[in-house]
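One letter stands for each residue in the lines below.
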Amino acid sequence: NIETKINEGNDLIWGIGFLMKGAVEEAALDYPEQQFALIDDVWEDGYLPNATGVTFASEQSSFLVGYIASYMTETDRVGFILGKESPTMDRFKYGYFAGVNYGAKEQGKEIQIYSVTVESFDDAALGKSTASKMYSDGADVIFHAAGNVGTGVIEAAKDADKWVIGVDLDQNHLAPDNVITSAMKNVNVATAELSARILNGEEVGGTTVHYGIEEGGVGIAPTSDKLVPADVLERTQALEDQMVAGEVVVPITEEEYNNFGN
């Protein structure tokens, strides 16, 4: 597919997702005059002067939805379903964990987090069975960061009439009565902004560009006000402002998470 895009004469070719890194790297080495950009992974500085990496502060949006989950749970048990372990995916996990615990501490309670890594981004049936068990074990809010596995998680939420949190895009339309919010990754913002910079001649190849809340790269879904109470969203907005100001720094690794809030 990349070869096809090269043959079409495109000025810039995007690879979407960290699983594309190997293919983009090979093409960038084979075609040094062709510009590439890759979503969700980094390049060693200067290694590929014709390839730009793009990462997102997924931990920030995950922190916000975790915070919301802490206020929405009635059982004080919430779930998290991860597709596969990687530094990129760890941002979702530790951000969510930190957000849940931050909200729990604010409310003076303890919230148990059920967490499962399913080793798949495709198996919706596995997502549904995993989520169903979490719900039967007492969780009443589950956040998934697992690609198409998440469609099964959302189906389980509908069947159990429980809350679920979407990822990457606003998934409320999949279950309007169950998807309370989504951790947004605004790939459209990054691709539009960075494409314009590259096509205007700015040399950003060989670097990685990072998009967080401040740049409009991440956030919570615009439909969050359908099911999340206004006072919770006001608290969430205040927390988002603190993050932009650097007053709250969200962990992205296990070590940072273990030290978070100390």
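These remarks concern the structure in this document.

Each value, and the rule that gives it
- Residues numbered from 1 in each chain as written.
- Predicted model: local features only at pLDDT ≥ 70, side-chain atom pairs only at ≥ 80, totals over all residues.
- Heavy atoms only, no water.
- Helix = DSSP H or I, 4+ residues; strand = E, 2+ residues; numbered from the N terminus.
- Rg over C-alpha atoms; globule rule 2.2 N^0.38 Å.
- Buried < 20%, exposed > 50% of the residue type's maximum accessible area, 1.4 Å probe, protein only.
- Contact = heavy atoms within 4.5 Å.
- Areas by Shrake-Rupley, 256 points an atom, 1.4 Å probe, with all protein chains shown as cover.
- Lys, Arg positive; Asp, Glu negative; His and termini not counted.
- Charge placed at Lys NZ, Arg CZ, Asp CG, Glu CD.
- Core = buried A, V, L, I, M, F, W, Y, C linked by side-chain atoms within 4.5 Å.
- Polar contact = N/O pair within 3.5 Å; in protein donor to acceptor, adjacent residues only side chain to side chain.
- Salt bridge = Lys/Arg side-chain N within 4 Å of Asp/Glu carboxyl O.
- Pairing = 2+ DSSP bridges.
- Axes fitted to C-alpha atoms, helices over the stretch in contact; angles between N-to-C directions.
- Left-handed = near helix turned anticlockwise from the far one by under 90°.
- Nonpolar A, V, L, I, M, F, W, Y, C, P; charged D, E, K, R; others polar.

### Looking at the overall build of the protein chain
Check the secondary structure of the protein chain and you find nine helices and 10 strands. Here the C-alpha radius of gyration of the protein chain, 19 Å, is about what a compact globule of 262 residues would show, namely 18 Å. Viewed in the frame of its principal axes, the protein chain has a C-alpha envelope of about 55 × 40 × 35 Å. Looking at the protein chain residue by residue over its 262 residues, the buried ones come to 51%. If you take every contact in the protein chain between residues at least 6 apart in sequence, the share linking residues at least 24 apart comes to 65%. Entry remark: accessible area of the protein chain is about 12,000 Å², with carbon and sulfur atoms responsible for 47%. When the 16 basic and 43 acidic side-chain charges of the protein chain are each reduced to a single mean position, those positions are 8 Å apart.

### Examining the nonpolar core
By size, the foremost hydrophobic cluster in this structure holds 50 residues, and its most contacted members are Phe80, Tyr96, Phe143, Ile165 and Met243. Every residue in contact with Ile165, bar those within four places of it in the chain, is listed here: Val65, Ala69, Tyr96, Val141, Ile142, Phe143, His144, Ile180, Thr181, Ser182 and Ala183. Tyr135, Ala139, Val153 and Val179 belong to the second largest nonpolar core, which has 17 residues in total.

### Section: the side chain of Asp40
Looking at the secondary structure, you find Asp40 in the loop between β2 (35–39) and β3 (51–56). A polar contact is formed between the side chain of Asp40 and the side chain of Lys185, at a distance of 2.5 Å. Not counting residues up to four positions away in its chain, the partners in contact with Asp40 are Gly17, Phe18, Val54, Phe56, Thr88 and Lys185.

### Side note on the pattern of salt bridges
Within this structure, the stated rule accounts for 13 salt bridges. Salt-bridge contacts for Lys158 lead to Glu155; the nearest nitrogen and oxygen are separated by 3.5 Å. With a gap of three residues between them, Lys158 and Glu155 both fall in helix α6 (residues 149–160), about one helical turn apart. For Lys158, a relative accessible area of 38% gives the class partly exposed. For Glu193, the salt bridge identified is with Arg197, shortest N-O distance 3.5 Å. Placement of the pair is Glu193 and Arg197 together in helix α7 (residues 187–199), with a separation of four residues, close to one helical turn. Since its relative accessible area comes to 32%, Glu193 is described here as partly exposed. Each of Asp40, Asp168 and Lys185 takes part in a single network of salt bridges with overlapping partners.

### Considerations on the sheet that holds strand β7 (residues 163–168)
The strands that make up a sheet are held in pairs by hydrogen bonds between backbone atoms, and each pair lies either parallel or antiparallel. Across the sheet, which stays open at both edges, the six strands sit in the order β5-β4-β6-β7-β8-β10 with mixed pairing between neighbours. Two strands in the sheet have a free side with no partner beyond their single neighbour: β5 (112–117) and β10 (218–220). Between one strand axis and the next, the sheet turns through 15° on average, direction left out of account. Strand direction decides the pairing type here: β7 and strand β8 (residues 179–185), joined by five bridges, are parallel. Its bridge partner lying in β8, Val167 is registered against Ala183. This element, helix α4 (residues 87–107), spans β4 (77–82), β5, β6 (141–145) and β7 of the sheet and lies at about 175° to β4. Strands in contact with helix α5 (residues 124–136) are β4, β5, β6 and β7; relative to β4, the strand with the most contacts, it is inclined by about 165°.

### Looking at the pairing of strand β9 (residues 208–211)
Where burial is concerned, the two faces of β9 differ: the one with Val209 and Tyr211 is buried and the one with Thr208 and His210 is not. Bridging between β3 and β9 involves four bridges; their strand directions are parallel. Bridge pairing in β9 places Phe56 opposite Tyr211.

### A look at the packing of helix α3 (residues 58–72) against α4
Packing of α3 against α4 leaves a shortest axis separation of 6 Å and a crossing angle of 35°. Crossing angle aside, the handedness with which α3 passes α4 is right-handed. Mapping the contact onto sequence places Ser58, Glu59, Ser62, Phe63, Val65, Gly66, Tyr67, Ala69, Ser70 and Tyr71 in α3 and Arg91, Phe92, Gly95, Tyr96, Ala98, Gly99, Val100, Tyr102, Gly103, Ala104, Glu106 and Gln107 in α4. Counted by class, the contact of α3 with α4 contains 11 nonpolar, eight polar and three charged residues.

### As for the sheet that holds β3
Read across the open sheet, the four strands follow the order β1-β2-β3-β9; overall the sheet is parallel. Of all the strands in the sheet, the pair left with one neighbour each is β1 (12–16) and β9. Each strand of the sheet is rotated relative to its neighbour by a mean of 20°, with strand direction disregarded. Relative to β2, β1 is paired through five bridges, and the arrangement is parallel. Counterpart to Ile13 in the pairing with β2 is Phe36. Across the sheet, helix α2 (residues 21–30) is in contact with β1, β2 and β3; its angle to β2 comes to roughly 165°.

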